[in-house]
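Remarks on the overall topology
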Protein chains: 4
Amino acid sequence: MGEQQAWPEQEARRQEILWAAAQVFAAKGFHAARMEEVAERAGVAKGTVYLYYPSKEALFLATLEAILTQWLDQLEQAAAGPGTARERLCSLLEANFTLANRHASLICLAAQESEAWSLRAQVGEAEKERMRSFVVRLTGGIQGVLQEGIQAGELRPDLDVEVAVAMVLGTMHAYNLRRLHQREDLPARELAGRVVDLLLAGMKG
Amino acid sequence: MGEQQAWPEQEARRQEILWAAAQVFAAKGFHAARMEEVAERAGVAKGTVYLYYPSKEALFLATLEAILTQWLDQLEQAAAGPGTARERLCSLLEANFTLANRHASLICLAAQESEAWSLRAQVGEAEKERMRSFVVRLTGGIQGVLQEGIQAGELRPDLDVEVAVAMVLGTMHAYNLRRLHQREDLPARELAGRVVDLLLAGMKG
Amino acid sequence: MGEQQAWPEQEARRQEILWAAAQVFAAKGFHAARMEEVAERAGVAKGTVYLYYPSKEALFLATLEAILTQWLDQLEQAAAGPGTARERLCSLLEANFTLANRHASLICLAAQESEAWSLRAQVGEAEKERMRSFVVRLTGGIQGVLQEGIQAGELRPDLDVEVAVAMVLGTMHAYNLRRLHQREDLPARELAGRVVDLLLAGMKG
Amino acid sequence: MGEQQAWPEQEARRQEILWAAAQVFAAKGFHAARMEEVAERAGVAKGTVYLYYPSKEALFLATLEAILTQWLDQLEQAAAGPGTARERLCSLLEANFTLANRHASLICLAAQESEAWSLRAQVGEAEKERMRSFVVRLTGGIQGVLQEGIQAGELRPDLDVEVAVAMVLGTMHAYNLRRLHQREDLPARELAGRVVDLLLAGMKG
DNA sequence: TATGAATGAGCGTTCATTCAT
DNA sequence: GATGAATGAACGCTCATTCAT
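Values in this document were obtained by computation on a predicted structure and should not be read as measured data. (Residues numbered from 1 in each chain as written. Chains lettered and ligands numbered in written order. Predicted model: local features only at pLDDT ≥ 70, side-chain atom pairs only at ≥ 80, totals over all residues. Heavy atoms only, no water.)

Bringing the overall build of chain A into the picture now. A count of helical and extended segments in chain A gives 8 helices and 0 strands. Each helix and strand of chain A, ordered N terminal to C terminal, gives the series α-α-α-α-α-α-α-α. Principal-axis analysis of the C-alpha atoms gives chain A an extent of 60 × 45 × 35 Å. Within chain A, the fraction of its 205 residues that count as buried is 51%. In chain A, once contacts between residues fewer than 6 apart in sequence are set aside, the share between residues at least 24 apart is 68%. Working note: accessible area of chain A is about 10000 Å², and carbon and sulfur atoms make up 50% of it. The positive charge centre, built from 22 side chains, and the negative charge centre, built from 27, are 5 Å apart in chain A. (Helix = DSSP H or I, 4+ residues; strand = E, 2+ residues; numbered from the N terminus. Buried < 20%, exposed > 50% of the residue type's maximum accessible area, 1.4 Å probe, protein only. Contact = heavy atoms within 4.5 Å. Areas by Shrake-Rupley, 256 points an atom, 1.4 Å probe, with all protein chains shown as cover. Lys, Arg positive; Asp, Glu negative; His and termini not counted. Charge placed at Lys NZ, Arg CZ, Asp CG, Glu CD.)

In this section: the protein's contact with DNA strand F. In the vicinity of DNA strand F lie 31 residues, with B:Thr48, B:Tyr52, C:Arg34, C:Lys46 and D:Thr48 positioned nearest. A share of 71% is what sugar and phosphate atoms reach among the atoms of DNA strand F within 4 Å of the protein. The separation between a phosphate oxygen of DNA strand F and a polar main-chain atom of A:Met35 is 2.8 Å. B:Gly47 has a polar backbone atom sitting 3.4 Å from a base nitrogen of DNA strand F. Of all elements in the fold, only α3 (46-52) of chain A, α1 (9-32) and α3 (46-52) of chain B, α3 (46-52) of chain C together with α3 (46-52) of chain D reach the threshold of two or more residues within the surface near DNA strand F. Its residues placed into classes, the surface near DNA strand F shows 14 nonpolar, 7 polar and 10 charged. (Near = heavy atom within 4 Å. Polar contact = N/O pair within 3.5 Å; in protein donor to acceptor, adjacent residues only side chain to side chain. Nonpolar A, V, L, I, M, F, W, Y, C, P; charged D, E, K, R; others polar.)

A few words now on the domain arrangement of chain A. Residues and elements named next belong to chain A. Along its sequence, chain A is carved into domain 1 (1-54) and domain 2 (56-201). Between the C-alpha centres of domain 1 and domain 2 the distance comes to 26 Å. Interface area, domain 1 with domain 2, both sides summed: about 1300 Å², of which 82% is carbon and sulfur. Put simply, domain 1 and domain 2 have 0 salt bridges between them. If you list the elements that add at least two residues to the side of domain 1 that touches domain 2, you get α1 (8-28) and α2 (35-42). (Domains from an automatic or database assignment. Buried area = accessible area lost by both parts, 1.4 Å probe. Salt bridge = Lys/Arg side-chain N within 4 Å of Asp/Glu carboxyl O.)

Turning next to the packing of helix α6 (residues 125-151) of chain C against helix α7 (residues 161-181) of chain C. Any two packed helices are characterised by how steeply their axes cross, that is the angle between the axes, and by the distance between the axes. Residues and elements named next belong to chain C. Relative orientation of the contacting elements α6 and α7 amounts to 120 degrees, with a least axis distance of 10 Å. One finds that α6 runs oblique with respect to α7. Pair α6 / α7 crosses with right-handed handedness. In this structure, α6 contributes Leu138, Thr139, Ile142, Gln143, Leu146 and Ile150 to the contact, and α7 contributes Val161, Ala164, Val165, Val168 and Leu169. (Axes fitted to C-alpha atoms, helices over the stretch in contact; angles between N-to-C directions. Parallel < 35°, antiparallel > 145°, perpendicular 65-115°, else oblique. Left-handed = near helix turned anticlockwise from the far one by under 90°.)

Before going further, it helps to examine the relation of the copies chain C and chain D. Under the fitted operation, chain C is carried onto chain D by 0.0 Å of movement along the axis and a turn of 178 degrees, and the coordinates agree to an RMSD of 0.4 Å. Such a combination of turn and shift is consistent with a two-fold rotation axis. With an isologous cut-off of 70% or more, the 95% of interface residues of chain C that recur at the interface of chain D puts this contact in the isologous class. (Least-squares fit on C-alpha atoms with pLDDT ≥ 70 in both.)

Residues and elements named next belong to chain D. Every buried residue of helix α2 (residues 35-42) is listed here: Met35, Glu37, Val38, Ala39 and Ala42. Elements that come into contact with the buried residues of α2 comprise α1 (8-28), α3 and α4 (56-80). Two residues or fewer after α2 comes Gly43, characterised by a positive phi angle close to 75 degrees.

Below, the discussion takes up the relation of the copies chain B and chain A. For the match of chain B to chain A, the screw axis carries a shift of 0.0 Å, the RMSD comes to 0.3 Å, and the turn is 178 degrees. Of the residues that chain B buries at the interface, 98% are likewise interface residues in chain A, meaning the two copies contact each other through the same surface.

We now examine the arrangement of the chains. One finds no contact linking chain B with chain C; the least C-alpha distance across the pair is 21 Å. Between chain B and chain D there is no contact, and the shortest C-alpha to C-alpha separation is 14 Å.

On the chain D side, the residues contacting the 42 residues of chain C number 40 residues. Across the interface of chain C and chain D, roughly 3900 Å² is buried in total on both sides, 62% from carbon and sulfur atoms. Taken together, chain C and chain D are joined by 6 salt bridges. For D:Arg194, the salt bridge goes to C:Asp160, with nearest N and O atoms at 2.6 Å. Summed over the shared surface of chain C and chain D, the number is 14 residue pairs in polar contact (both at pLDDT 80 or more).

What follows deals with the pattern of salt bridges. Residues and elements named next belong to chain C. The full count for this structure, using the stated rule, is 64 salt bridges over all chains. The salt bridge partner of Arg88 is Glu148, with a shortest N-O separation of 2.7 Å. With Arg88 in helix α5 (residues 85-117) and Glu148 in helix α6, this pair connects stretches of sequence that are 60 residues apart. On the basis of relative accessibility, which here comes to 12%, the residue Arg88 falls in the buried class. Its relative accessible area of 44% is what places Glu148 among the partly exposed residues.

This next bit is on the interface of chain B and chain A. Listed per partner, the contact involves 42 residues of chain B and 41 residues of chain A. Both faces considered, chain B and chain A share a buried interface measuring about 3900 Å² in area, 62% of it formed by carbon and sulfur atoms. Summed over the shared surface of chain B and chain A, the number is 6 salt bridges. Between A:Arg194 and B:Glu162 there is a salt bridge, with the nearest N and O atoms lying 3.9 Å from each other. Between chain B and chain A we count 14 residue pairs in polar contact (both at pLDDT 80 or more) in total. For the side of chain B that touches chain A, the secondary-structure elements that each account for two or more residues are α1, α5 (85-117), α7 (161-181) and α8 (188-201) of chain B. The element contributing the most residues to the side of chain B that touches chain A is α7(B), with 14 residues.

Quick look at the packing of aromatic side chains now. What the rule picks out here adds up to 16 aromatic pairs over all chains. Plain terms: the ring middles of A:Phe30 and A:Phe60 are 5.0 Å apart, the flat faces sit at 65 degrees to each other, and that makes the pair edge-to-face. Of this pair, A:Phe30 sits in the loop between α1 and α2 while A:Phe60 sits in helix α4 (residues 56-80); the two residues are 30 residues apart in sequence, bridging distant segments of the chain. The exposure classification of A:Phe30 matches that of A:Phe60, with both residues buried. With centroids separated by 5.7 Å and ring planes inclined at 75 degrees, the aromatic side chains of C:Phe97 and C:Tyr175 adopt a geometry described as edge-to-face. Of this pair, C:Phe97 sits in helix α5 while C:Tyr175 sits in helix α7, and the two are 78 residues apart along the sequence. (Phe/Tyr/Trp six-rings, centres within 6.5 Å; stacked < 30°, edge-to-face > 60°.)

This part covers the protein's contact with DNA strand E. Within the structure, DNA strand E sits among 31 residues, and A:Thr48, B:Arg34, B:Tyr50, C:Thr48 and C:Tyr52 are positioned closest to it. Each atom of DNA strand E within 4 Å of the protein was classed as base or backbone; sugar and phosphate made up 68%. Here B:Lys56 contributes a backbone N or O atom positioned 2.8 Å from a phosphate oxygen of DNA strand E. When contributions to the surface near DNA strand E are tallied by element, the ones reaching two or more residues are α3 of chain A, α3 of chain B, α1 (10-32) and α3 of chain C together with α3 of chain D.

The next point concerns the side chain of B:Arg156. Secondary-structure assignment places B:Arg156 in the loop between α6 (125-151) and α7. If near-sequence neighbours (up to four positions away) are discounted, B:Arg156 is found in contact with A:Leu198, A:Ala201, A:Gly202, A:Met203, A:Lys204, A:Gly205 and B:Ile150.

What follows concerns the environment of B:Tyr50. Residues and elements named next belong to chain B. Looking at the element boundaries, Tyr50 is found in helix α3. Assessed through its relative accessible area of 41%, Tyr50 is described here as partly exposed. When the C-alpha positions of Tyr50 and Ala174 are compared, they lie 36 Å apart, and in sequence the two are 124 residues distant. Those residues in contact with Tyr50 that lie beyond four places of it in its chain are Met35 and Ser55.

This part covers the environment of C:Ala164. Tracing the backbone shows C:Ala164 in helix α7. Note on C:Ala164: relative accessible area 0%, which makes it buried. Apart from the residues lying within four places of it in its own chain, the contact partners of C:Ala164 are C:Leu146, C:Leu159, D:Leu198 and D:Met203.

Structure representation (structure tokens):
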């Protein structure tokens, strides 16, 4: 009952502004981004932005959350399916690389600034906590895949899970950054395969 | 002797300012950093900074270069010694983690902003090239270690070197970021060992 | 009707700022004038000035142009009427002296700085050309009066027109400067008559 | 007795600085001129300038005085000789045009800024008085020539001396300004002749 | 609700002036 | 005396935020 009436108009506007902000923040970073450009991109007047978000900082944090949520949702969904650990890792990485092809700048923004913001003194503790929770959720997801792989006998029982998680995340990030710098798309599926091959088999001769 | 008089005092001041700038830029990023804070931290007046660096941008670029040079020098030196690929990778990672314990924020600054700056339109092509050369030098160094490991028969002859480099760098960066967020030091030697073990042996059961 | 709506309010504000700027520039010169004082005199905040003029230099050039245009318009109009050369020169001088009584500082500003600016390297060639065109227009106007006087037989056929123009302009300027320094108004009509008498009759006994 | 021993070194240095200042002030105007450039041109260090002149303003006023004194001395000397009023006026104008060929910017600087400075609130009354005395001396000199010409019967007994002085000065200034803008020298002697011819004979047909 | 003109705190940079050497 | 590195007040300009319409 009514828990979802909302005002469709309003919410649409909110989203438009949020998306515009994501573009601008991704392109310029927090400080160099200008509220006017956000407004322009959203097709509204400067003052209107303030009807939906009380300040630049609030808009930024909302943007960050939206991006991270979306990204995490996609990654989790990719890793959620049944299948072997190898398959699920492949899906995870492929999903990330595919997203990077479309939104490299957003993902890098999120990866970089979210860290920076959870450190800043002036950000409220509640906000910081929410930022940290994303990291927990991300690492937790990968950890889950790995541990189930161990239990299934597919991965080494003595696997150093903590390091393995860092390795997966780090490799993802390294390619996201690369995508940011070169024009051409990452070959998502192939690349995911190569990464997982190496992760599983190791480098030893 | 005496071939080293030249700037006894001047160069010291230059370094003081550079170091102060590194602190501030690392803590705030380029745009949020204020020249006055740099000056304060260096113990000089605002105008003095401009006697040594002609603009905020120039100071930033100089800071970036100094940090990157130092970091790369240490990593290369660590990886340069004789020994097996395993040993050299361990040294490399240990060196990085040790540096991260002392200068996590600087390393992260360099890693993040150097990328961003090589993209910006207003930065001179010469500066961009220098920034890019750091990336080349870094990846080249790791590549060298791996290829020599292959030739020595220590690493798989069919090793996917490109992906392996990304994996090493990514893992390093992942831990540098982690160090940025938690207070306690990374156990550099132990952690390097664990990472290399996993890299070499792989995750497969 | 109504073809004049457009900017009812905006243009008024623009003019207010321009006029305030004219006062300040006239009193202090370009470099010593402060944008904040311009804003104060116009009754707006500092930032508002920049909504109408993109920089101090642009504001100055606009100011100069407005003053020169107004001044030249009035002089040309005065000299345009029918009548003998004597009458037209009288009108011209009287118009100038009358204006000097009201705006001596502006006229002197224009006379002095417009010259200086058409020399400066950093001013765009287009702007320089516009400044130069004012000088051409001014000298051209006086020249016209003199040449028509010659053709009408009222002035000597061998009149040294070039020198005569300089003499008229120089005398005008000399009195404009004098007005700048003393409080009391120039007796415009009488003075114009005395100047023209001397110009025509010469000093010879 | 000793009233003139002076320290030859010191006075030479003072003059060097003064002359350098004249160049810089003439080229840039008071506010845009920088003390460092004055020092450079004088071949001394920035601080040294302050050993000889206590402030930028004092240096400027001293510069103005030196220029004006020199200029007036030369004009007076030229007008002082025996001869008819025509000859003396010719000498006067020729001297001015000759000086303008060499020092147009200085003369214009003096003409323009000296006026401006005698108006400024912050300049001491004593300084203002000295500035005004130059104007008196200049007009007085020309007035003398004219009045002697009248007494000698060479000029009209009813000559409007006040206007005539303004006319002579104005014409001089008009050509000084012109010299400032074009590269080529004024033909001093010829131009003086043409101006005096017109002044004496008038424009009437 | 939406607008965008207006605001003013804040920052990068300059440069006259000082003072330790 | 002479130097020039250091200082810091001052100014041009930006942009997040407000508010009258």
